[in-house]
Structure formats: structure tokens, C-alpha cells
Amino acid sequence: MEIIAGWVAGYAMALVTTIALTYLVMQVREAPLLQRWVAGEVPGALLAVPVSIGAMLGWTLAGIVIGSVYRVGNLDSQPDGLGSPSFPFTLAMVIVALFPLVPLLLLGPRFWWVWVGLAASFAGLFGWLMPLLAAR
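Conventions we followed
- Residues numbered from 1 in each chain as written.
- Predicted model: local features only at pLDDT ≥ 70, side-chain atom pairs only at ≥ 80, totals over all residues.
- Heavy atoms only, no water.
- 1 Å grid on protein atoms, 1.4 Å probe; cavity = no way out; pocket = protein on both sides within 12 Å on 5 of 7 lines; lining within 4 Å.
- Points joined across faces, edges and corners; volume = space filled by probe spheres on them.
- Helix = DSSP H or I, 4+ residues; strand = E, 2+ residues; numbered from the N terminus.
- Salt bridge = Lys/Arg side-chain N within 4 Å of Asp/Glu carboxyl O.
- Core = buried A, V, L, I, M, F, W, Y, C linked by side-chain atoms within 4.5 Å.
- Buried < 20%, exposed > 50% of the residue type's maximum accessible area, 1.4 Å probe, protein only.
- Contact = heavy atoms within 4.5 Å.

Examining the layout of surface pockets
In this structure, the second largest pocket occupies an estimated 190 Å³ of space. Contributing to the lining of the second largest pocket are M13, L21, W59, V96, A97, P100, L101, L104, W115, L118, A119 and F122. Contributing elements (two or more residues each) for the lining of the second largest pocket: α1 (2-27), α4 (87-98), α5 (101-107) and α6 (112-135). At four residues, the largest contribution of residues to the lining of the second largest pocket is made by α6.

As for the pattern of salt bridges
For the coordinates displayed, the defined rule picks out one salt bridge. As a salt-bridge pair, E2 and R71 come within 3.5 Å of each other at their nearest N and O atoms. Of this pair, E2 sits in helix α1 while R71 sits in helix α3 (residues 48-72); the two residues are 69 residues apart in sequence, bridging distant segments of the chain.

As for the nonpolar core
Counting 23 residues, the largest nonpolar core has I66, F89, V114, W115, F122, F126 and M130 as its most contacted members. Elements that contribute at least two residues to this core include exactly α1, α3, α4 and α6. Apart from the residues within four sequence positions on either side, F89 is in contact with I66, Y70, L75, F126, M130 and P131.

Here it is in C-alpha cells:
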């Protein structure tokens, strides 16, 4: 059940990531790096398709791996806390969610709210939702 819970959390994270990355692509459409990879006449909304496919594959795979670690590590037997059946696992996911924040905030401070939203989504989906789903 943990692997399915990880997949569900990963799929939900893929949806959030698709929305965020599509927004970012639309905002920085004229960036030289983006123009090098994508022709200027390609509509920005059309870029959501490859972003969505990539995010879905990447995040669901990550969710399966995280769910497997949760299962193999027998992390469901850890003490509960803050509404999670495994407080140490939840704390670990919150810490992992904070890792990319500093570099992202330095690279794109204008989009700080996107980076914080993605980190909070990761912490919530993998730190709380996944253990709750796995416990059912």
C-alpha cells in the first residue's frame, strides 16, 4: 500500500509542478536559454504538454521510490506526531523539501512564492498525505 500511496503523492506533485513550470515558462518566454531549446513560434501553453509528461514520469517514479523506502524502512512503526503516522518520516520530508529553496531563491528571487509553494506541496504531499494513505 505504501508504494501506491507514494505514486499518488507523486502524481499530485506532478500536477502542482506542471502548473508551476507552465506559469514560469509563460513568464520567461523571452529568456535566451528557453529560446535556445524552443522555437519562438511555439505557443507557451503548448509547452505544458512535455512539462506535464516529464513531471508525471519523474514525480511518480520518485513517489514509488519514497513509498518503497517508507515500506522497507518500516517507517510506519515510528512514533506519530503533527497529524502524521510517522513523525520522523514527516520531519525528513520537510527537511528534503527545504534543500532546493536556497539555490532557487538565489537564482530566481522574483518567483519566491512559486519556490515556497512547491516546497510546501512536496512537504505536505510526501510528509503527510503519503503516510496517511499508506496507513489506510
